[in-house]
Amino acid sequence: MANILTHSIFGDYQGVENRVTAAFLHVLNIGGEPLLRYVLSAVNELLPANEISICTQLGKTAGIKKMVFDGLISCDFSFSYIIESKVKANALTSQQVNTYRLKNPNSILIALTPDATVPSSLNPGDIWLNWTKLADVLISYEDENQDDLLKYLIEQFILLLNNLNLYDDWQNRVIVVGGSWGEPVALKYNFYACQNNRYFKQAKYLAFAYRNKIEHLFEIQGTPQNDIDLSQQQSIPQSYFRQYEPLYKKGDKRELFWLKELKNVKINVVNDNVSKSGRRSAFTQRQKYTTYEKIINAKFTSEL
């Protein structure tokens, strides 16, 4: 193991897992014990009060086969946390976890992975964070902290996670769908319904491309639901069916988004999308994704 101060946040490791772990440990090293306690408290782990050593792996020793973990947080005679990082989902195996446990029975394993749920390979007592959760915790700490260097490192770490597609910034994501039917319904009835089980990335906002522009932004209320019979929704009045779906059959299933228009947010994004022949074409046939910052500042869809 080598002290984290000897490594650059960006370039000393070619392996992605080693690079992102080293970057995280750099952030921890600058933030010190207060930041480490803050991160661990997010997973209900209490840190003993001791002087802490933060290290990253030295790397494989030529000609010698030995187990090397990605990072280590420790205090002599008290505790140690072994960090194992994965950049692919479902990559942490039970064999790997049990090997750590066998060789380091008094250490606690911290697994950093992109999985959406706790990996089944982990044992009781192991700690897990996905990269998105870790990023959100660091962003929250950054907002409360006045250390300019630490703020900079956290921002650079989040940028690294974004570049590696490890951070799902869904709270900044906007789904843009075609709106010839959807926008008038959303404005009048505060919902969007589409074919059942249609795949969408998780997002906080939804907008409609309608009449060659995007000019209304909606916040998605709750989690979109599948297998919904619109006729059984008390919040959807009969006037909707009379005006928009007179042929709707009871029992038909849809995916349903409840929406709230952000009336204090003004957007006016003109569609400048053109086909190969040079004719103006629809911005999206199904859905596209952009960010809140882009959509409130853009003048043309090409900026999204």
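Now for a look at the structure at hand. Bear in mind the structure is a predicted one, so any value in this text is a computation, not a measurement.

The rules behind these values
Residues numbered from 1 in each chain as written. Predicted model: local features only at pLDDT ≥ 70, side-chain atom pairs only at ≥ 80, totals over all residues. Heavy atoms only, no water. Helix = DSSP H or I, 4+ residues; strand = E, 2+ residues; numbered from the N terminus. Contact = heavy atoms within 4.5 Å. Axes fitted to C-alpha atoms, helices over the stretch in contact; angles between N-to-C directions. Parallel < 35°, antiparallel > 145°, perpendicular 65-115°, else oblique. Left-handed = near helix turned anticlockwise from the far one by under 90°. Nonpolar A, V, L, I, M, F, W, Y, C, P; charged D, E, K, R; others polar. Core = buried A, V, L, I, M, F, W, Y, C linked by side-chain atoms within 4.5 Å. Buried < 20%, exposed > 50% of the residue type's maximum accessible area, 1.4 Å probe, protein only. Patch = residues over 30% accessible without salt bridge, like charges linked within 9 Å, V, L, I, M, F, W, Y side chains within 5 Å. Areas by Shrake-Rupley, 256 points an atom, 1.4 Å probe, with all protein chains shown as cover. Salt bridge = Lys/Arg side-chain N within 4 Å of Asp/Glu carboxyl O.

**Some thoughts on the overall build of the chain**
1) Next: Each helix and strand counted, the chain has 7 helices and 14 strands in total.
2) Next: Here the analysis covers contacts within the chain between residues at least 6 apart in sequence; of these, 67% occur between residues at least 24 apart.

**A short note on the packing of helix α3 (residues 131-144) against helix α4 (residues 148-163)**
1) Next: It is at 10 Å that the axes of α3 and α4 come closest, and there the two elements cross at 155 degrees. As the angle between them shows, α3 and α4 are arranged roughly antiparallel. Here α3 and α4 pass one another in a crossing that is left-handed. For the pair α3 and α4, the contacting residues are Trp131, Leu134, Ala135, Leu138, Ile139, Tyr141 and Glu142 in the first and Leu150, Lys151, Ile154, Glu155, Phe157, Ile158 and Leu161 in the second.
2) Next: Partitioning the contact of α3 with α4 into residue classes produces 11 nonpolar, no polar and 3 charged.

**Concerning the packing of helix α1 (residues 16-41) against α3**
1) Next: Their axes nearest at 11 Å, the elements α1 and α3 cross at an angle of 55 degrees. As far as their axial angle goes, α3 and α1 are oblique. The crossing of α1 and α3 is left-handed. Facing α1, whose interface residues are Val20, Phe24, Val27, Pro34, Leu35, Tyr38 and Val39, α3 presents Trp131, Leu134, Val137, Leu138, Ser140, Tyr141 and Glu144.

**Observations regarding the nonpolar core**
1) Next: Leu134, Leu138 and Phe157 are the most contacted members of the largest nonpolar core, which has 32 residues in total.
2) Next: Counting 15 residues, the second largest nonpolar core, distinct from the first, contains Val174, Val176, Tyr205 and Ile295.

**Thoughts on a nonpolar patch on the surface**
1) Next: A cluster of nonpolar side chains, namely Ile30, Leu149 and Tyr152, defines an oily patch on the protein surface of about 270 Å² accessible area.
2) Next: By relative accessible area, Leu149 is classed as partly exposed at 46%.

**Quick word on unusual backbone geometry**
1) Next: The phi angle at Arg211 is positive, at roughly 55 degrees, despite the residue not being glycine.
2) Next: Relative to the elements of secondary structure, Arg211 occurs in the loop between β9 (205-209) and β10 (213-214).
3) Next: Classification of Arg211 by relative accessible area gives exposed; the value is 68%.
4) Next: Positive phi, close to 60 degrees, is recorded for Asn212, a residue that is not glycine.
5) Next: With respect to the helices, strands and loops of the structure, Asn212 is situated in the loop between β9 and β10.
6) Next: A relative accessible area of 35% means that Asn212 is categorised as partly exposed.

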